[in-house]
Every structure is written in C-alpha cells, then in structure tokens.
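Residue-level structure breakdown
As a plain string of letters, each chain reads:
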Amino acid sequence: TKCESGCVCAEGLYENLDGRCVPAEECPCEYGGLAYGRGEQIQTECEICTCKKGKWKCVQKTRCSSTCNLYGEGHITTFDGQRFVFDGNCEYILAMDGCSVNRPISSFKIVTENVICGKSGVTCSRSISIYLGNLTIILRDETFAISGENPGIRYKVKTNALHLMFDIIIPGKYNMTLIWNKHMNFFIKISRETQETICGLCGNYNGNMKDDFETRSKYVASNELEFVNSWKENPLCGDVYFVVDPCNKNPYRKAWAEKTCSIINSHVFSACHNKVNRMPYYEACVRDSCGCDTGGDCQCMCDAIAVYAAACLEKGVCIDWRSPEFCREF
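Each value, and the rule that gives it
- Residues numbered from 1 in each chain as written.
- Predicted model: local features only at pLDDT ≥ 70, side-chain atom pairs only at ≥ 80, totals over all residues.
- Heavy atoms only, no water.
- Disulfide = S-S within 2.5 Å.
- Helix = DSSP H or I, 4+ residues; strand = E, 2+ residues; numbered from the N terminus.
- Buried < 20%, exposed > 50% of the residue type's maximum accessible area, 1.4 Å probe, protein only.
- Salt bridge = Lys/Arg side-chain N within 4 Å of Asp/Glu carboxyl O.
- Core = buried A, V, L, I, M, F, W, Y, C linked by side-chain atoms within 4.5 Å.
- Contact = heavy atoms within 4.5 Å.
- Phe/Tyr/Trp six-rings, centres within 6.5 Å; stacked < 30°, edge-to-face > 60°.
- Lys NZ or Arg CZ within 6 Å of the ring centre and 35° of its normal.
- Pairing = 2+ DSSP bridges.
- Axes fitted to C-alpha atoms, helices over the stretch in contact; angles between N-to-C directions.
- pLDDT = per-residue confidence, 0-100.

1. As for the state of the cysteines
- Going through the model one piece at a time under the given rule, you end up with 10 disulfides.
- Here Cys29 engages in a disulfide with Cys51; their sulfurs sit 2.2 Å apart. Between Cys29 and Cys51, the S-S dihedral sits near 90°, and the bridge is therefore right-handed. On the criterion of sequence distance, the pair formed by Cys29 in strand β3 (residues 29–31) and Cys51 in strand β6 (residues 47–52) is long-range, its members being 22 residues apart.
- Overall, the relative accessible area of 2% leaves Cys51 in the buried class.
- Disulfide pairing is shown between Cys49 and Cys58; the S-S distance is 2.1 Å. Sign of the S-S torsion, about 110° for the bond between Cys49 and Cys58, identifies this disulfide as right-handed.
- Cys318 takes part in no disulfide bond, and the closest cysteine sulfur, belonging to Cys312, lies 9.6 Å away.

2. Comments concerning the pattern of salt bridges
- Under the criterion given, the structure shown has 7 salt bridges.
- A salt bridge links Glu314 to Lys189; the shortest N-O distance between them is 4.0 Å. One end of the pair, Glu314, is in helix α6 (residues 297–314); the other, Lys189, is in strand β19 (residues 186–192), with 125 residues separating them in the sequence.
- For Lys189, a relative accessible area of 29% gives the class partly exposed.

3. Focus: the nonpolar core
- In terms of nonpolar packing, the biggest core is built from 47 residues, with Leu94, Phe108, Leu132, Phe186, Ile188 and Leu201 touching the most fellow members.
- Residue contributions to this core peak at 5 residues, all from strand β11 (residues 91–97).
- Once residues within four sequence positions are removed from consideration, Leu132 is found in contact with Ser107, Phe108, Ile137, Asn150, Ile153, Ile168, Ile170 and Met176.
- Ile263, Cys302, Val307 and Cys327 belong to the second-largest nonpolar core, a separate cluster that totals 30 residues.

4. Looking at the packing of aromatic side chains
- This model, assessed by the stated rule, comprises 14 aromatic pairs.
- Ring geometry for Phe84 and Phe213: centres 5.5 Å apart, planes at 85°, overall edge-to-face. Residue Phe84 is found in strand β10 (residues 83–85), and its partner Phe213 is found in the loop between β20 (198–199) and α1 (224–230); the two are separated by 129 residues along the sequence. Here Phe84 and Phe213 have matching classes, each one buried.
- Ring centres 5.3 Å apart and planes at 70° place the aromatic pair Phe86 and Tyr92 in the edge-to-face group.
- Members of the aromatic cluster, joined through ring pairs, are Tyr71, Phe269, Tyr281, Tyr308, Trp321 and Phe326.
- A cation over a ring is seen here: Arg83 above Tyr281, with NZ or CZ 4.7 Å from the ring centre.
- Above the face of the Tyr205 ring, Arg192 is positioned so that its terminal group lies 3.9 Å from the ring centre.

5. Some thoughts on the sheet that holds β6
- Strand order in the open sheet formed by 3 strands is β5-β6-β7, and the pairing between neighbours is antiparallel. The sheet is open, and its two borders are formed by β5 (41–43) and β7 (55–60), each paired with just one other strand. In this sheet, neighbouring strand axes are inclined to one another by 25° on average, regardless of whether the strands run parallel or antiparallel.
- As judged from the 6 bridges shared by β6 and β7, these two strands associate in the antiparallel manner. In the strand pairing of β7, Lys52 is matched with Lys55.

6. Quick notes on the side chain of Thr77
- Here Thr77 shows up in strand β9 (residues 75–77).
- What makes Thr77 buried here is its relative accessible area of 11%.
- Excluding its chain neighbours within four sequence positions, the residues that come into contact with Thr77 are Thr67, Cys68, Asn69, Tyr71, Gln82 and Arg83.

7. Observations concerning the pairing of β6
- Of the strand pairs in this sheet, β5 and β6 are connected by 3 bridges, and their pairing is antiparallel. Bridged to Gln41 within β6 is Thr50.
- Where β6 folds back onto β7 in an antiparallel hairpin, the turn is made up of 2 residues, including Lys53, whose phi is positive at roughly 55°.

8. Thoughts on the confidence of the model for the chain
- This prediction gives the chain a mean pLDDT of 86; 91% of its residues lie at or above 70.
- Here strand β4 (residues 34–36) stands out as the least confident element of the chain, with mean pLDDT 78; strand β17 (residues 164–170) is the most confident, with 95.

9. Some remarks on the sheet that holds β10
- Spatial ordering of the open sheet is given by β10-β9-β8-β19-β18-β17-β16, a layout of 7 strands whose pairing is antiparallel. Edge positions in the open sheet fall to β10 and β16 (154–159), since each of these has one partner strand only. Going across the sheet, the axis of each strand differs from the next one's by a mean of 15°, ignoring polarity.
- Sheet topology places β9 next to β10; 3 bridges connect them, and they run antiparallel. From the neighbouring strand, Ile76 faces β10, where its bridge partner is Phe84.

Following this line, the structure appears as structure tokens:
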C-alpha cells in the first residue's frame, strides 16, 4: 500500500515509510523489516543489491561463494542452507569433490572426528583433517600440523586470538577459506570455478536444499541419521540411531542454559534480528549448554553465541557482545 502514486499523494509523488510524499527516485526499499534509502546496498554471498526507485536492483557477483558451518555439538548448516543435528562418535566426511561416478578423483577431502564430550552422550567436533592430495593439515588441541606437500596447491595460514584461518587455492577449481575457532566451530567457505560435484555432510552445493541429504550411494536419504551414517569415514564405527536431547537428560541445567543464551534474543543483538533468524541459533545454544556437563560449560555456550554473531557479520552487522564478564577473549 506504500509508494502508490495518486493514492494519498499527488500524482507523481509516492508515500514513503515515514508517511511523507516523495518523488520515485527517493522511494526506500525494504528488507527484513528495515528501510533502505536510495543508493544503499545489501550484499549476499552471490549478489549485490542496490535500492533504486523503491525496488532492489540485483547484480550477480562474478565469483559466488557459499559457506558450510559445523558448530557446537553436531550442528551443521549445509552449503545450500539445510540445517540438522547429529550425535555420532566417529570420523565423518564434511566435504569432498570427485563424487560423480564418472570422475571419482578427489582433489580435497575434509573430515571431522567427533568425540563424546558430555555424560548425556552428545558429541563435539574436536579434530579436523584436511586432505589435499599428498598434503595433509590436521587441526587439533587448539593448534595445527602440516605434513607432506602438494606443489599444485597454494595456501596461507592466518591466526588471531580466536581463530585459525586457512586460505587454500586449488587452481582452476576452488578457492577455499577454512576458519576454526580452536574448539568446536568450523566454517568452510568455497567459491568454485567449475561445476564439479561436492558431497558429504555439507551437502551437494547445487543450490537446492531439498536434496542435501544425498548419501554416499547417490540417493536422497529419508532422514538425517541415514544420511549421516552414510558419510562415516571409518565403516567400523557404529551407526547413529537417535538424536539425544541433552536438556531432557540434564533438566537441572535447562534454566541456566536458557538464561545465558537469552543474550541472542536481547537488545544486544537487536540490530541483527531483522537480518538473521535468531531462533535456530538460540535453540542450538540452549541444547549445547545443557549438553556440556563435564567441563567447558561456558566454552560451549560462548561458541554457540559466536556462531550467531558470525552470521550477523556476514550480513554486515557487527555486534560487540563479548565483555570481561561474559565470554571474554583469551
């Protein structure tokens, strides 16, 4: 009903979100409940959108990337945006190429090793192995080790107080940025120069989240557990048959978990609430905070909140949420 010429404004003028009559050039655009003025931009990983006469004009980026997140006690968001949770005490393939039957040669493979980290049986990602031909990078115990070499691969290692970052270039195929918070959160950001198929727990990266549960045998599983079990790196590991609810197992921790995780719903993150749906992150935070019951309680909770803060930053909203009393940087 807004910005319709001749309705409440004179012919040729349009009502904006403040109720003022403005020319078409000054009409704002709306996204996530927020108004953006003429010429303002929003960005996704694949598009840059500019506000023009009340409508978004979007241009595809020349290089499009997508991110897969593994965080907390088995939470995954695939490259195409599918979310699921699993509790498996094994090594699992997160992402690899060379998945097609015709071209089974892999130029990279990323494996997560999960270990039990709470009495309720929940698991945490503790070790990440990155295989690049004869070059191997192992992330474990808050540090990394590199062995072997592959002259066809270019990589850089960056480090700061909170993260280890690896920029990896496989010429003619992929540019990857891998970010590890030295604990349970791991991000794989890929832009590719080929339409090579990708597979693993991070999905098939084809732009369609509905078929992300594609198993190693190339069919779409009926549920996430069947999908997860198909991507075990070690076939001798036991299958996962159910997902534990740590808050039901540890009801005495639920109130504390809900209270500490409520910062996600508070005014601290209010600038991000219209940009990124906070509920999946809040629920993951509560679940993880209930589950970490054998030490590292606060680390689990802080890691879960940090994932929401990272999602906000991807949308251009930087939240200063840490303090000396709450999840301080070490």
